[in-house]
Amino acid sequence: MKIKKAVFPVAGLGTRFLPATKALPKEMLPVVDKPLIQYAVEEALNAGIEQIIFVTGRGKTALEDHFDKSFELENILLSKNKDHDFKAITSLVPETGTIIYTRQNEPLGLGHAIWCARDVVGDEPFAVLLADDLVKSDRPVLSQMIQRFCRLRASMVAVMEVAPEETDKYGIISGKDIEDHVIQLDALVEKPKPAEAPSNLAIIGRYILTPEIFSILGEKKKGAGNEIQITDAMSILLQSQPIFGYRFEGRRFDCGNKAGFQMANVAFAMDRPEIKDKLLPFLKEIIG
Ligand code: UTP
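The structure reproduced in this document is the subject of the present report. None of these values were measured; they are calculated from a predicted model.

### Some remarks on the overall build of the chain
A tally of regular secondary structure across the chain gives 11 helices and 13 strands. For 288 residues, the compact-globule estimate of 2.2 N^0.38 gives 19 Å, and the C-alpha radius of gyration of the chain, at 19 Å, lies within 12% of that figure. Each principal axis of the C-alpha distribution contributes one length, and for the chain these read about 60 × 50 × 40 Å. A buried classification covers 49% of the 288 residues belonging to the chain. On the chain, the mean spot of the 36 positive side-chain charges and the mean spot of the 40 negative ones are 2 Å from each other.

### Quick word on helix α11 (residues 273–287)
An ideal rise of 1.5 Å per residue puts 21 Å on 15 residues; α11 measures up with 21 Å between its terminal C-alpha atoms. Residue Leu 279 marks the point of greatest curvature in α11, where the axis turns by about 25°; the proline Pro 281 follows within four residues. Just beyond α11, the residue with positive phi is Gly 288, at close to 90°.

### Points about the site of the ligand
Among the 17 residues in the neighbourhood of the ligand, the closest are listed as Gly 14, Thr 15, Arg 16, Gln 104 and Gly 109. One of the side-chain nitrogen or oxygen atoms of Lys 26 is found 3.0 Å away from an oxygen atom of the ligand. One nitrogen or oxygen atom from the side chain of Glu 27 is found 2.9 Å from an oxygen atom belonging to the ligand. With the chains in place, 85% of the 560 Å² that the ligand exposes on its own is no longer accessible.

### Quick look at the layout of surface pockets
Of the pockets and cavities examined, the largest pocket occupies roughly 1300 Å³. Mapped by element, the contributors of at least two residues to the lining of the largest pocket are α5 (110–115), β11 (201–209), α9 (230–237), β13 (251–254) and α10 (258–269). In terms of residue class, the lining of the largest pocket is built from 20 nonpolar, 13 polar and 13 charged. Its boundaries defined by the atoms lining it, the second largest pocket holds a volume of some 510 Å³.

### A look at the side chain of Lys 60
Residue position: Lys 60 is located in the loop between β4 (51–56) and α2 (61–66). In contact with Lys 60, not counting residues within four places along its chain, are Val 10, Ala 11, Gly 12, Pro 25, Lys 26 and Glu 27.

### Remarks on unusual backbone geometry
The peptide bond linking Leu 18 to Pro 19 adopts the cis configuration, its omega dihedral lying at 5°. Relative to the assigned elements, Pro 19 resides in the loop between β1 (5–9) and β2 (30–31). One non-glycine residue, Val 32, lies in positive phi territory at about 60°. Considering the arrangement of structural elements, one finds Val 32 in the loop between β2 and β3 (34–35). Take Val 32: its relative accessible area is 26%, and that puts it in the partly exposed class. Positioned with a positive phi, His 181 is a non-glycine residue whose angle comes to about 75°. With respect to the helices and strands, His 181 occurs in the loop between β9 (171–179) and β10 (182–190).

### As for the nonpolar core
Phe 8, Val 31, Ile 37, Ile 49, Phe 54 and Leu 142 are the most contacted members of the largest nonpolar core, which totals 51 residues. In this structure Phe 54 touches Phe 8, Val 10, Ile 37, Val 41, Leu 63, Phe 67, Ile 99, Ile 100, Tyr 101 and Thr 102, once residues within four positions along its chain are discounted. With 34 residues, the next largest nonpolar core counts Ala 117, Ile 230, Ala 233 and Ile 243 among its residues.

### Section: the pairing of β1
A large share of β1 lies buried, amounting to 5 of its 5 residues. By the alternation rule, side chains of β1 split into Lys 5, Val 7 and Pro 9 and Ala 6 and Phe 8, which are all buried. With 5 bridges connecting them, β1 and β4 associate as parallel partners. Counterpart to Pro 9 in the pairing with β4 is Val 55. In this sheet, strand β6 (residues 126–129) lies alongside β1 in parallel orientation, the contact comprising 2 bridges. Opposite Val 7, over in β6, you have Val 128 as the bridge partner.

Criteria and thresholds
- Residues numbered from 1 in each chain as written.
- Predicted model: local features only at pLDDT ≥ 70, side-chain atom pairs only at ≥ 80, totals over all residues.
- Heavy atoms only, no water.
- Helix = DSSP H or I, 4+ residues; strand = E, 2+ residues; numbered from the N terminus.
- Rg over C-alpha atoms; globule rule 2.2 N^0.38 Å.
- Buried < 20%, exposed > 50% of the residue type's maximum accessible area, 1.4 Å probe, protein only.
- Lys, Arg positive; Asp, Glu negative; His and termini not counted.
- Charge placed at Lys NZ, Arg CZ, Asp CG, Glu CD.
- Expected span 1.5 Å × (residues − 1).
- Bend = angle between axes of the 7 residues up to and from the residue.
- Near = heavy atom within 4 Å.
- Polar contact = N/O pair within 3.5 Å; in protein donor to acceptor, adjacent residues only side chain to side chain.
- Areas by Shrake-Rupley, 256 points an atom, 1.4 Å probe, with all protein chains shown as cover.
- 1 Å grid on protein atoms, 1.4 Å probe; cavity = no way out; pocket = protein on both sides within 12 Å on 5 of 7 lines; lining within 4 Å.
- Points joined across faces, edges and corners; volume = space filled by probe spheres on them.
- Nonpolar A, V, L, I, M, F, W, Y, C, P; charged D, E, K, R; others polar.
- Contact = heavy atoms within 4.5 Å.
- Core = buried A, V, L, I, M, F, W, Y, C linked by side-chain atoms within 4.5 Å.
- Pairing = 2+ DSSP bridges.

Below, the structure is given as structure tokens:
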């Protein structure tokens with residue numbers, strides 16, 4: 001049961017980033033100098049994923065071009081001896097044929113976006129990565145999860161504790177700890193009000209799913225926000241299969257909102273000595 005395929009739902013409207021996302025896909029917003037989606041694709045490839053499946057929508061062509069060869073730019077960089085830049089743009093392009101694009105023709109929700117990949121995924125377990133959840137860690141979160149999946153062989157979601165008053169922004173789980181970092185779920189709820197939340201353990205954008213999820217998603221039941229939610233489908237899946245929560249190691253940045261995105265930029269920039277030298281004195285100056 002090797003995980004060979006990863007689905008990247010990138011068909012959302014990114015309304016929290018308007019006007020920046022009017023013509024630019026949210027997933028193309030850069031953290032320092034790399035688009036969010038590139039961090040996610042690199043994470044998947046590092047974890048041994050062999051096939052990248054993008055679920056795109058209208059206005060996402062910049063994303064497709066990003067992962068394609070750019071003959072003109074490559075030739076210019078080569079002729080100017082800009083080897084470093086040449087390497088930066090060529091090394092990010094996966095081998096041709098590794099990326100498959102399918103389309104969600106209406107943004108009906110994350111669950112619906114995942115369902116759009118059903119024929120490409122077929123009858124095997126697969127990963128889902130949401131590019132706007134960026135995690136800074138020694139070992140990429142998907143690698144951490146796949147290692148556990150090889151033994152547990154069931155669906156799995158990455159989870160972390162959030163402030164109890166923020167449960168209505170997340171899918172929330174409850175369950176019991178069965179081993180270090182791993183929780184066996186007994187419930188999943190999408191965006192519960194704090195008073196009704198079964199815990200403050202929130203689902204973060206990394207999933208490993210078994211293919212049985214597709215027939216549940218195919219029923220197209222709408223949930224919170226009138227969207228087809230993956231959390232609701234997993235809650236039904238839980239009636240027939242175990243599902244595990246994985247407390248990942250690393251710091252997560254919610255790049256789907258403006259504050260989280262700025263924090264990610266600062267954190268990742270501070271890892272780059274050439275930027276840190278200028279950024280740190282500036283931060284000290286404005287903090288006062
Ligand atoms: P979000 O809800 O964070 O993204 O979905 P959004 O809807 O684009 O953003 P806002 O809330 O309007 O600012 C998480 C991920 O799921 C994808 C998004 O592209 C994002 O990567 N998604 C969401 C889809 O592909 N299709 C959908 O119908 C909804």
